Amino acid sequence: MADHQGTGNYDEAIMAQVDNIQKEIADIHKLVSDKMDITCLENEYAMDDFVYQSKIKDLALTYSHVRKTRGDGNCFYRAFGFSYLQELIGNQKEYERFHSLASQSKDELVSLGFPSFTIEDFHQVFMETIEAVGKEQSVEELEKIFCDDGLSNYIVVYLRLLTSAQLQRKSDFFQNFIEGERSIKEFCSQEVEPMAKESDHIHIIALTDALGVCVRVVYMDRGGDSSVNHHDFPEDGSRPLVFLLYRPGHYDVSVKFDVSLIVLSKGTTIKDALASWEKKNEQKASESTEIKLYAQYPPIEKMDASLSTLSCCEKLSLSTNCIEKIANLNGLRNIKILSLGRNNIKNLNGLEAVADTLEELWISYNNIEKLKGIGVLKKLKVLYMSNNQVKAWDEFQKLAELPLLEDLLFVGNPLEEKHSADGDWREQATKRLPRLKKLDGVPVVRQDEEEEEES
């Protein structure tokens, strides 16, 4: 009896010690820190620690700043939530997509067996935070929300619930990741839903899959050489919207890993991208017919005057960057194919410079609503512009100004989605573009051609 009581007192002492350590951590570290220069990480390791000091220097080549999150077991969810919501500020297309998904998520959780009365408050705070972002809330205001224990933890709880739901929804797949004899439901109730439970790859895979958001996790540990490695979730070629730094933690009690947000440094210039391309391909860009500058890190933000040197280029790829405006194409006298997919382009101004030669324009996954300026491309045969924001037939009709257009990819635009749902998309589109031979990857077969085949 005495031994049992002694053990109980010992356990209580240990728990009290853990609580004190957690309180000290809370007093010292904000839930989400101010943005700090990436080199601040150097102070956390000995100057003669070659491995970490080298990796921090490598990290600084791509990332300029870091925001640290408190190492309380919730750091992945908090870092993800802040970084992604910050990305939504000013990104209207992504905001609208996510707002719709988040609005419906409560009903989906209820359908999986989560009690409505339990998740109501968490969902409400989650939606209020998202909607504040939609009103162009400042980053500073978002930081205040994530540093408020109550609000921030409600957001974390809801992200945990979404992760749990996705694991259960795809239990056949995720069961393969569970060690031991636990079911998915047991794993979720023990390792996902409770606060302060650490996250692993399975949590990241489930959450990114549930929300349709690509996350790049940069690993900084003692493994490998002097450079940092990264992994994208999912591995489908999507452009990452969230960047997280994952490194071994500093606390022995309750905190295994330290996850922080990392901020991309100043965008790559066209000049620097071309220099890297020349070094990799051992060719002069000014003499080459095909140049690939897609998916640069940090991404290209501006089409600057260095493009004017590409007078021999027939195919130029600038896809998967952060370009907002088409510009400086005057020197591309021989350009035939221009790839600008997966950027932040909002209009087609600037294409007049390549009107005499351009035959194919690939510009899917941007934010284009108006097609003003498309008519100058009198030699354009192929236009791939899926997943943009075209909503009106008046805008679509401007494609009729392209006398040679024969192949059009338009899926994912609001106009296409509406009329595909109504069942008359192909009929309406091909009626307005009578010279079209292929629409959304499918050959156009007109009524007179069908009648000829039948006869």
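An unreviewed UniProt entry lists the chain under the name ubiquitinyl hydrolase 1, from Porites lobata. For the record of the chain, the UniProt heading Catalytic activity (unreviewed entry) holds the text "Thiol-dependent hydrolysis of ester, thioester, amide, peptide and isopeptide bonds formed by the C-terminal Gly of ubiquitin (a 76-residue protein attached to proteins as an intracellular targeting signal)."

Colleague: Outline the environment of His 201, supporting the account with residue identities and numerical values.
Modeller: Residue position: His 201 is located in helix H10 (residues 201–211). Take His 201: its relative accessible area is 35%, and that puts it in the partly exposed class. Beyond its immediate stretch of four places on either side in the chain, His 201 contacts Tyr 219 and Phe 233.

Colleague: Would you mind going over the side chain of Asn 74 in detail, with residue names and values included?
Modeller: With respect to the secondary-structure elements, Asn 74 resides in the loop between strand S2 (63–68) and helix H3 (75–88). Asn 74 sits in the buried class, given a relative accessible area of 4%. With near-sequence residues (within four places) excluded, Asn 74 lies in contact with Val 156, Arg 160, Met 195, Ala 196 and Lys 197.

Colleague: How would you explain the nonpolar core if you had to name every residue and give the values?
Modeller: It is characteristic of soluble globular proteins that their nonpolar side chains tend to be buried jointly. Within the largest apolar cluster, 53 residues are counted, with the highest numbers of intra-cluster contacts made by Phe 80, Phe 98, Phe 126, Leu 159 and Leu 167. Ranked by residue count, the leading element in this core is helix H7 (residues 149–169), at 9 residues. Sequence-distant contacts of Phe 126, that is, excluding residues within four places in its chain, are made with Phe 98, Ala 102, Ile 155, Tyr 158, Leu 159 and Leu 162. Formed by 51 residues, the second largest nonpolar core is a distinct cluster that contains Leu 358, Ile 363, Leu 371 and Trp 425.

Colleague: Describe in detail unusual backbone geometry, supporting the description with residues and values.
Modeller: Cis geometry is adopted by the peptide bond preceding Pro 234, which originates at Phe 233 and carries an omega value of 0 degrees. Counting through the fold element by element, Pro 234 comes out in the loop between strand S4 (229–233) and strand S5 (242–248). In the Ramachandran plot, Arg 342 falls in the positive-phi region, its phi being about 55 degrees despite a non-glycine side chain. Judged by its relative accessible area of 31%, Arg 342 is partly exposed. Unlike most non-glycine residues, Tyr 365 shows phi in positive territory, near 55 degrees.

Colleague: Go over the packing of H7 against helix H9 (residues 184–192), please, and point to the residues and values.
Modeller: Two numbers describe how H7 lies on H9: the axes approach to 9 Å, and their chain directions differ by 165 degrees. Judged by the inter-axis angle, H7 sits roughly antiparallel to H9. Crossing handedness for the pair H7 and H9: right-handed. Counting all contacts with H7, which are made through Arg 160, Thr 163, Ser 164, Leu 167 and Gln 168, the residues of H9 involved are Ile 184, Lys 185, Phe 187, Cys 188, Glu 191 and Val 192. The class makeup of the residues in the contact of H7 with H9 is 5 nonpolar, 3 polar and 3 charged.

Colleague: Quick one: what's the story with the layout of surface pockets, residue by residue and with numbers?
Modeller: Volume-wise, the second largest pocket comes out at about 710 Å³. Forming the walls of the second largest pocket are 26 residues, and the residues nearest its centre are Lys 93, Glu 94, Arg 97, Arg 342 and Tyr 365. Elements with a minimum of two residues in the lining of the second largest pocket: helix H4 (92–111) and helix H13 (414–422). Of all the elements, H4 adds the most residues to the lining of the second largest pocket, at 4 residues. Its residues placed into classes, the lining of the second largest pocket shows 6 nonpolar, 12 polar and 8 charged.

Colleague: Before we move on, can you summarise empty space enclosed by the protein with the specific residues and values?
Modeller: If you walk through the whole model with that rule in mind, you get 2 cavities of 30 Å³ or more. Its volume calculated, the second largest cavity comes out at about 40 Å³. Breaking the lining of the second largest cavity down by element, the ones donating at least two residues are H3 and H7. At 4 residues, H3 tops the list of elements feeding residues into the lining of the second largest cavity. Split into classes, the residues belonging to the lining of the second largest cavity amount to 7 nonpolar, 1 polar and no charged.

Colleague: Before we move on, can you summarise the side chain of Gln 53 with the specific residues and values?
Modeller: Tracing the chain through its elements places Gln 53 in helix H2 (residues 50–60). Gln 53 gets classed as buried once you look at its relative accessible area, which sits at 5%. Of note is the side chain of Gln 53, whose polar atom sits 3.2 Å from the backbone oxygen of Tyr 45. Dropping the residues within four chain positions of it, Gln 53 is found in contact with Glu 42, Tyr 45, Ala 46 and Met 47.

Colleague: A description of the packing of aromatic side chains should follow, citing residues and the corresponding values.
Modeller: Counted by the stated rule, this structure contains 20 aromatic pairs. Both rings, one in Phe 122 and one in Tyr 154, keep their centres 4.6 Å apart while their planes meet at 55 degrees; by these two values the pair is tilted. Residue Phe 122 is located in helix H5 (residues 116–134), and its partner Tyr 154 is located in helix H7; the two are separated by 32 residues in the primary sequence. Overall, the relative accessible area of 18% leaves Phe 122 in the buried class. Judged by its relative accessible area of 30%, Tyr 154 is partly exposed.

Colleague: For the pattern of salt bridges, give the residues involved together with the corresponding values.
Modeller: Counted by the stated rule, this structure contains 17 salt bridges. The shortest N-O distance in the salt bridge between Lys 30 and Asp 34 comes to 3.1 Å. Using a relative accessible area of 43% as the deciding quantity, one classes Asp 34 as partly exposed. Between Lys 292 and Glu 290 there is a salt bridge whose closest N-O contact spans 3.9 Å.

Colleague: Requested: an account of the sheet that holds strand S12 (residues 407–409), with residues and values cited.
Modeller: A sheet is described by the order of its strands in space; here 8 strands give the open sequence S7-S8-S9-S10-S11-S12-S13-S14, paired in mixed fashion. The outermost strands of the open sheet, each flanked by one partner alone, are strand S7 (290–292) and strand S14 (442–443).

Rules used throughout
Within each chain, residues carry numbers counting from 1 in the order of the written sequence. For this predicted model, a pLDDT threshold of at least 70 governs which residues receive local features, and a threshold of 80 or more governs which side-chain atom pairs are given and counted, while totals over whole chains, interfaces and linings are taken from all residues. Water and hydrogen atoms play no part in the side-chain values, which are based on all heavy atoms of the structure. UniProt positions are given in the numbering used here, feature names are shortened, and annotations may be inferred rather than shown by experiment. A run of H or I in DSSP counts as a helix once it spans at least four residues, and a run of E counts as a strand once it spans at least two, with each numbered from the N terminus. Burial classes: relative accessible area under 20% of the type maximum marks a residue as buried, over 50% as exposed, and values in between as partly exposed (1.4 Å probe, protein chains only). Contacts between residues were defined by any pair of non-hydrogen atoms, one from each residue, lying within 4.5 Å. The nonpolar core is taken to be a set of buried Ala, Val, Leu, Ile, Met, Phe, Trp, Tyr and Cys residues, with the residues joined through side-chain atoms within 4.5 Å. To define axes, lines are fitted to C-alpha atoms, for helices over the stretch in contact only, and angles between the resulting N-to-C directions are given on a 0 to 180 degree scale. Any angle that falls under 35 degrees is termed roughly parallel, while one over 145 is termed roughly antiparallel, one within 65 to 115 roughly perpendicular, and all others oblique. The sense of a crossing depends on the near helix, which, turned anticlockwise from the far helix by less than a right angle, makes the crossing left-handed and, turned clockwise, makes it right-handed. Residue polarity is assigned by list, with Asp, Glu, Lys and Arg as charged and Ala, Val, Leu, Ile, Met, Phe, Trp, Tyr, Cys and Pro as nonpolar; anything else, Gly included, falls into the polar class. Detection works on a 1 Å grid of protein atoms alone, calling trapped sets that fit a 1.4 Å probe cavities and calling open sets with protein on both sides within 12 Å along at least five of seven lines pockets, with lining residues defined by an atom within 4 Å of a point. Grid points are joined across faces, edges and corners, and a volume is the space filled by probe spheres set on the points. Polar contacts here mean pairs of N or O atoms no more than 3.5 Å apart (in protein, one a potential hydrogen donor and the other a potential acceptor; neighbouring residues in sequence count only if both atoms are side-chain atoms). The rule is short: rings of Phe, Tyr and Trp, with Trp giving its six-membered ring, pair when the centres are within 6.5 Å, and they are stacked under 30 degrees, edge-to-face over 60, tilted in between. Salt bridge criterion: a side-chain nitrogen from Lys or Arg within 4 Å of a carboxyl oxygen from Asp or Glu. Only strands that DSSP links by at least two bridges are regarded as paired with each other.

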